[in-house]
Amino acid sequence: MSKLEDLNRNQRKANIEIDMEHLKKLFIMPDSPDKFVEFGTELLDMIHSFFQENGGIHSSISLNDLSKLFSDINIPRDSQLLKNVLIEIKQKIVAHSVKVGSPYYIGHMTSVVPYFMVLLEMLIAALNQNQIKIETAKASTFVERELISWMHMLVFKKPEKYYKANIQNRNVALGNVTLDGTLANLTAMKVARNKAFPAKDNFPGIRSSGIFEAFQYYGYAKAVIIVSQRGHYSFGKISRILGIGDGNLIKIPVDTQNKMDLEKLKCKCDEINEHNLKNPTKKIKIISIVGIAGTTETGNIDNLAEIGKIASKNKAHFHVDAAWGGSLLLVEEYRYLFNGIESADSVTIDAHKLLYAPTAMGMVLFKSRKDLNNIRHTSNYIIRRDSVDLGRFTIEGSRPFSALNWKVKIMSLK
Ligand SMILES: Cc1ncc(COP(=O)(O)O)c(C=O)c1O
């Protein structure tokens, strides 16, 4: 470092005031609300004016010019007043954001959200609960469990006594709030894969042995996931993550209504069963058959009841990807569209799609209260076995208290 650079660095350091008084103003603490309210008011004004603006869906700036606005390769060294940062946010970011609330903005499932959800996001950030463990998520742990139980009842319709026994039973997880639909699907497929190759005699199960030994032990050459051609691309990613390989994601053609062709599904299963009879040491395991409740591109709902029967006959985990359409279950009048969903082993639902919650908020529910044990984990310093920590059952570690938004939305529905 040159002498000049050294000097500049020291000068800059000298300009930054670091003392208790300034720190208290920066963090939200009992005796420092003034800056919070001041900045909050400015921010609310900015949000409000953004939504009041008329005009197109977004500014006319070219993507090339936009990229130039954010091409400063150096991390800013000089600290700026938040007020000035806010002006920059307004001019460089808000001005060029997509107005998902515009009446002309259609064609994507990301949309405008109710005003109270925006403000609740502020509360979620202010409380800053971390759902991973009770020490950082006291009430919110129980709120999340209650929400999961509500959604579970909506999907699986088990008797009330089942929910009374499990809603706050710390040894049981009926599902997880996840970051998004992809994580929800991944959780379901991971459970399905682990269930397909369980521990037996001296074999410790796929979780411990890995895929190669699991296949060898059970006499399989490969494992497959079956979904329709309209299946979300997340299943390709998931197949790769789980070591199945996306070449083993079987896509069944759809009928004229964009629903999985049931005859073609049956034929594929028969073909696999015949292969297995002929090749007892090189069998193919159907880990899961996935039905879709609201395909991404067309919104159609598969014939869930029939797919459920076929999955059960083939001893495959039946998953329903209702990321897109699942929230419609809250409207009893449309329940018939989902006929058979209650026979699923697991179901994915996203709140940031049809429930108009802020991006992103997913959920995966399991019919059997034992299923999530297939991915359960513990650690000594956190998520201990006998704790109430939600992190024992999730793929994610730290997670926000997004369940609050979801719960308020359900409570405010007519
Ligand atoms: C049917 C379906 N499943 C899964 C997903 C993935 O959801 P996310 O983008 O929240 O990960 C989507 C997203 O559009 C979807 O439509």
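Shown above is the structure to which this text applies.
Cut-offs and rules
- Counting restarts for each chain: residues are numbered from 1 in the order of the written sequence.
- Restriction of local features to residues with pLDDT of at least 70 applies here, the model being predicted, together with a cutoff of 80 or more for giving and counting side-chain atom pairs; totals for whole chains, interfaces and linings are based on all residues.
- Side-chain measures were taken over the full set of non-hydrogen atoms in the model, leaving aside hydrogen atoms and water.
- Residue types Ala, Val, Leu, Ile, Met, Phe, Trp, Tyr and Cys, when buried and joined through side-chain atoms within 4.5 Å, form a set referred to as a nonpolar core.
- Working definition: with a 1.4 Å probe on protein chains only, accessible area under 20% of the residue-type maximum means buried, over 50% means exposed, and in between means partly exposed.
- Numbering of helices and strands runs from the N terminus, with a helix taken as a DSSP run of H or I at least four residues long and a strand as a DSSP run of E at least two residues long.
- Any pair of residues with heavy atoms lying within 4.5 Å of one another is described as a contacting pair.
- A cavity here means a set of 1 Å grid points, computed over protein atoms only, where a 1.4 Å probe fits but cannot escape. A pocket is an open set with protein on both sides within 12 Å along at least 5 of 7 lines, and lining residues have an atom within 4 Å of a point.
- Grid points are joined across faces, edges and corners, and a volume is the space filled by probe spheres set on the points.
- Polar here means any residue outside two lists: the nonpolar Ala, Val, Leu, Ile, Met, Phe, Trp, Tyr, Cys and Pro, and the charged Asp, Glu, Lys and Arg; Gly therefore counts as polar.
- Being near a molecule or strand, for a residue, means having at least one of its heavy atoms within 4 Å of it.
- Under this definition, polar contacts are N or O atom pairs within 3.5 Å; protein pairs additionally need one hydrogen-donor-capable and one acceptor-capable atom, and for neighbouring residues in sequence, both atoms have to be side-chain atoms.
- For two strands to be treated as a pair, DSSP must find no fewer than two bridges joining them.
- To get an axis, a line is fitted to the C-alpha atoms, and for a helix only the part in contact is used. The angle between two axes follows their N-to-C directions and goes from 0 to 180 degrees.
- Patch members must show over 30% relative accessible area and no salt bridge, and they are joined within 9 Å when carrying like charges or within 5 Å when they are nonpolar side chains of Val, Leu, Ile, Met, Phe, Trp or Tyr.
- Here the open area of atoms and residues is found with the Shrake-Rupley method and a 1.4 Å probe, where only the protein chains shown may cover a residue.
- Salt-bridge detection follows one rule: a side-chain nitrogen of Lys or Arg within 4 Å of a carboxyl oxygen of Asp or Glu.
- The pairing test for Phe, Tyr and Trp rings, Trp by its six-membered ring, is centres within 6.5 Å, and the orientation test on the planes gives stacked under 30 degrees, edge-to-face over 60, and tilted for anything in between.
- For this count, His and the chain ends are skipped, Lys and Arg are scored as positive, and Asp and Glu as negative.
- Helix span, as expected, comes to 1.5 Å for every residue beyond the first.

Caption draft 1: Quick peek at the nonpolar core. One finds Ile 226, Ile 289 and Trp 406 to be the most contacted residues of the largest nonpolar core, which totals 53 residues. Per-element accounting of this core gives the leading share, 6 residues, to helix α7 (residues 138–156). Apart from the residues within four sequence positions on either side, Trp 406 is in contact with Leu 147, Met 151, Ile 349, Asp 350, Ala 351, Leu 355, Met 361, Gly 362 and Met 363. Counting 32 residues, the second-largest nonpolar core is a separate cluster that includes Ala 188, Ile 225, Leu 249 and Val 290.

Caption draft 2: Representation of the layout of surface pockets in the model. There is about 750 Å³ of room inside the second largest pocket. Around the second largest pocket sit 28 residues that line it, and Ile 47, Phe 50, Phe 51, Val 113 and Val 118 are the ones nearest its centre. Secondary-structure elements contributing two or more residues to the lining of the second largest pocket are α3 (34–52) and α6 (115–127). When residues in the lining of the second largest pocket are grouped by element, the largest group, 7 residues, is from α3. Tallied by class, residues from the lining of the second largest pocket come to 20 nonpolar, 6 polar and 2 charged.

Caption draft 3: Looking closely at the site of the ligand. The environment of the ligand is formed by 14 residues, the closest being Gly 181, Thr 182, Thr 296, Asp 321 and His 352. With respect to the ligand, the side chain of Thr 296 contributes an N or O atom lying 2.8 Å from an oxygen atom. Within the side chain of Asp 321, an N or O atom sits 2.6 Å from a nitrogen atom of the ligand. Of the residues forming the shell around the ligand, the biggest block, 3 residues, is contributed by helix α9 (residues 181–196). Of the residues assigned to the shell around the ligand, the class counts are 3 nonpolar, 7 polar and 4 charged.

Caption draft 4: Representation of the pairing of strand β1 (residues 175–178) within the structure. Of the two faces of β1, both are covered, the one formed by Gly 175 and Val 177 as well as the one formed by Asn 176 and Thr 178. Across 4 bridges, β1 lies against strand β7 (residues 362–366) in antiparallel orientation. Each bridged residue has a counterpart across the sheet, and for Gly 175 the counterpart in β7 is Leu 365.

Caption draft 5: How the structure looks around the sheet that holds β1. The sheet built from 7 strands is open, its strands ordered β1-β7-β6-β5-β4-β2-β3 with mixed pairing. Single-partner strands in this sheet number two, and they are β1 and β3 (249–252). Each strand axis lies, on average, 20° off the axis of its neighbour in the sheet, ignoring direction. Relative to the sheet, helix α14 (residues 304–313) contacts β4 (283–292) and β5 (317–322), its axis offset from that of β4 by approximately 165°.

Caption draft 6: Representation of a nonpolar patch on the surface within the structure. On the surface, Ile 18, Met 20, Leu 23, Leu 26 and Phe 27 cluster together into a nonpolar patch covering about 570 Å² of accessible area. Here Phe 27 lies in the loop between α2 (20–26) and α3.

Caption draft 7: Up close: the pattern of salt bridges. Taken as a whole and assessed by the stated rule, the structure comprises 14 salt bridges. Across the pair Glu 135 and Arg 384 runs a salt bridge whose closest N-O atoms are separated by 3.8 Å. Of this pair, Glu 135 sits in the loop between α6 and α7 while Arg 384 is found in the loop between β7 and α15 (403–412), placing the two residues 249 residues apart along the sequence. For Glu 135, a relative accessible area of 52% translates into the label exposed. The exposure class of Arg 384 is partly exposed, given its relative accessible area of 38%. Between Lys 266 and Glu 263 there is a salt bridge, with its nearest N and O atoms 3.4 Å apart. Taken together, the positions of Lys 266 and Glu 263, both in helix α13 (residues 262–278) and 3 residues apart, correspond to about one turn of that helix.

Caption draft 8: Seen up close, the packing of aromatic side chains. Evaluated as defined, the whole model comprises 8 aromatic pairs. For the ring pair Phe 203 and Tyr 217, a centre distance of 4.5 Å and an interplane angle of 10° mean the geometry is stacked. Here the residue Phe 203 occupies a position in the loop between α9 and α10 (206–209), and Tyr 217 occupies one in helix α11 (residues 211–218), the gap between them amounting to 14 residues. The class for Phe 203 is buried, based on a relative accessible area of 6%.

Caption draft 9: Structural detail: empty space enclosed by the protein. Across all of its chains, the model carries 2 cavities of 30 Å³ or more by this definition. Considered as a void within the structure, the largest cavity measures approximately 120 Å³ in volume. Lining the largest cavity are 16 residues; nearest its centre among them are Arg 145, Ile 148, Ala 173, Gly 175 and Leu 390. Of all the elements in the fold, those that place two or more residues in the lining of the largest cavity are α7 and β1. Within the lining of the largest cavity, the residues separate by chemical class into 8 nonpolar, 5 polar and 3 charged.

Caption draft 10: Summary view of the side chain of Arg 193. Relative to the elements of secondary structure, Arg 193 occurs in helix α9. Although Arg 193 is buried, it makes no salt bridge; Glu 213 carries the closest opposite charge, 13 Å away. Not counting the four nearest positions on each side in its chain, Arg 193 is found in contact with Ile 206, Ile 211, Leu 242 and Ile 287.

Caption draft 11: Representation of α9. In this model α9 runs 22 Å from its N-terminal to its C-terminal C-alpha over 16 residues, within 8% of the 22 Å that 1.5 Å per residue would give. Most of α9 is tucked away: 13 of the 16 residues are buried. One side-chain oxygen of the residue at the start of α9 lies 3.2 Å from the amide nitrogen of Thr 182, identifying that residue as Asp 180.

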